[in-house]
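# Breakdown of the fold
Each chain is listed here by its residues.
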Amino acid sequence: MLENATFSAPSDWLQIKTIDIHTGGEPLRVILEGFPELKGNSVLDYRRYCKENHDDLRTALMFEPRGHADMYGCILVPPNDEEGDFGILFLHNEGYSTMCGHAIIAISTLAAQMEWFDVSEGENVLKIDAPCGRVISYVNVVNNEVESVRFHCVPSFVVGLDRKINVKGLGEITYDLAYGGAFYAYVDLHKNNLGLNLSPESYQDLIAEGMAIKHAVVQQDSEVLHPFENDLSFLYGTIFIDGSSKEDIDSKNVCIFAEGEVDRCPTGSGVSGRMAIHWARKELELNQTMAIESITGSIFKGSVVSEQDYGPFKAVVPQVEGTAHITGMHTFFIDPKDPMKKGFILR
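Per an unreviewed UniProt entry, the protein is named Proline racemase, and its organism is Flagellimonas pacifica. According to the UniProt record, the Sequence similarities (unreviewed entry) comment for the protein reads "Belongs to the proline racemase family."

Quick look at the domain arrangement of the protein now. The domains assigned to the protein are domain 1 (15-152 + 326-334) and domain 2 (156-321). Using only C-alpha atoms to locate each centre, domain 1 and domain 2 end up separated by 23 Å. Counting from both sides, the interface comprises 28 residues of domain 1 and, opposite them, 33 residues of domain 2. Carbon and sulfur atoms supply 52% of the area buried between domain 1 and domain 2, which totals about 2,200 Å² over both sides.

Moving on to a nonpolar patch on the surface. Together, Leu32, Met114 and Trp116 give the surface a local cluster of nonpolar side chains, amounting to about 250 Å² of exposed area. Within the fold, tryptophan 116 resides in the loop between helix 3 (101-113) and strand 5 (122-130). Residue class for tryptophan 116 comes out partly exposed when judged on its relative accessible area of 38%.

Okay, the pattern of salt bridges next. The tally for this structure, following the rule as stated, stands at 17 salt bridges. With a closest N to O distance of 2.9 Å, arginine 48 and aspartate 45 form a salt bridge. With arginine 48 and aspartate 45 both in helix 1 (residues 43-53) and 3 residues apart, the pair spans about one turn of that helix. We note a salt bridge from aspartate 55 to arginine 58, for which the minimum N-O separation is 2.7 Å. Here aspartate 55 and its partner arginine 58 are both found in helix 2 (residues 55-62), 3 residues apart, which amounts to about one turn of the helix.

The element helix 2 is extensively covered by neighbouring structure, given that 6 of its 8 residues are classed as buried. Among all positions of helix 2, only Leu57, Arg58, Thr59, Ala60, Leu61 and Met62 are buried. Packing partners of the buried residues in helix 2 comprise strand 1 (14-23), strand 2 (26-33), strand 3 (73-77), strand 4 (86-91) and strand 17 (324-334).

Inspection of the entire model under this criterion finds 13 aromatic pairs. Centroid distance phenylalanine 157 to phenylalanine 313: 4.0 Å. Interplanar angle 15°. Geometry classified as stacked. Of this pair, phenylalanine 157 sits in strand 8 (residues 157-167) while phenylalanine 313 sits in strand 16 (residues 313-322), and the two are 156 residues apart along the sequence. Neither phenylalanine 157 nor phenylalanine 313 differs from the other in exposure class; each is buried. The structure contains a cluster of three or more aromatic residues connected by ring pairs, namely Phe157, Tyr179, Phe183, Phe228, Tyr310 and Phe313.

Cut-offs and rules
Residues numbered from 1 in each chain as written. Predicted model: local features only at pLDDT ≥ 70, side-chain atom pairs only at ≥ 80, totals over all residues. Heavy atoms only, no water. UniProt positions renumbered as here; feature names shortened; annotations may be inferred. Domains from an automatic or database assignment. Contact = heavy atoms within 4.5 Å. Buried area = accessible area lost by both parts, 1.4 Å probe. Patch = residues over 30% accessible without salt bridge, like charges linked within 9 Å, V, L, I, M, F, W, Y side chains within 5 Å. Areas by Shrake-Rupley, 256 points an atom, 1.4 Å probe, with all protein chains shown as cover. Salt bridge = Lys/Arg side-chain N within 4 Å of Asp/Glu carboxyl O. Helix = DSSP H or I, 4+ residues; strand = E, 2+ residues; numbered from the N terminus. Buried < 20%, exposed > 50% of the residue type's maximum accessible area, 1.4 Å probe, protein only. Phe/Tyr/Trp six-rings, centres within 6.5 Å; stacked < 30°, edge-to-face > 60°.

Printed below as a string of structure tokens:
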């Protein structure tokens with residue numbers, strides 16, 4: 001036995017406390033204490049302030065040696081108005097995303113397990129303000145345990161179906177452009193002969209080709225524009241779509257987002273955009289459920305719960321359901337004399 005297993009950090013070291021949790025294998029580092037106060041009057045304000053003033057702490061907590069190239073995190077902030085329960089900012093290797101479904105499922109699960117609200121048996125409703133807008137989360141509690149979480153995303157819409165783009169080294173690519181809280185280029189492998197499969201063995205090829213497609217769309221497609229918020233008008237990633245070998249699964253997708261991150265789960269905002277695509281193609285009926293598998297084999301269930309006008313678009317409100325699990329608690333120290341205190345990435 002060690003006589004002393006407790007470390008007391010010097011007073012000039014920053015200490016940041018977190019809880020780590022995963023949704024379908026995709027991590028979420030929830031920052032609880034120690035992060036500087038963010039100033040503003042809305043979630044988008046807090047996002048801008050964090051980006052402009054504390055981006056070194058994002059890299060310190062997401063990058064190595066505390067994280068890794070595919071790490072993901074969040075900061076809880078005040079909601080946009082009194083009706084909201086809390087706001088949330090999303091962090092990753094490139095910056096600050098506008099929507100993250102796996103984080104919504106994870107933080108809703110954690111909020112119930114930490115009793116941040118009055119938890120009751122059955123369905124519990126949380127109103128969460130993300131940068132893209134308000135997301136309604138439904139936490140299903142059975143015998144005092146969180147059995148699953150489903151959420152209603154912000155209005156999701158299709159910008160264009162079966163678009164064509166030339167990608168260096170890959171040739172002509174057919175893709176759908178859609179928004180599910182973030183914009184994605186959806187590439188169906190049945191329509192594109194890329195020689196890929198959506199297995200872990202194709203991990204590096206998926207990153208390379210996903211990023212090549214993302215960069216080509218950014219350069220050649222001028223319609224990645226949110227109808228109301230300029231801060232939301234950027235392409236977040238590429239989502240590859242294929243069939244699943246499992247009889248009870250409708251489809252499989254893998255999302256390559258930010259700076260080459262590979263989503264371990266089926267991607268909640270990506271599934272939201274897919275619901276808009278399937279609805280536009282008349283491949284889904286109201287409340288009809290699709291089961292979508294990730295690269296790790298984890299499953300999200302997606303459906304369309306309503307349709308509405310959203311600026312110039314015919315949008316849908318998607319529902320996405322999944323489960324999350326806590327993996328640990330951490331107190332991270334940032335030594336001001338550490339030459340690698342801001343973190344680094346090797347892939």
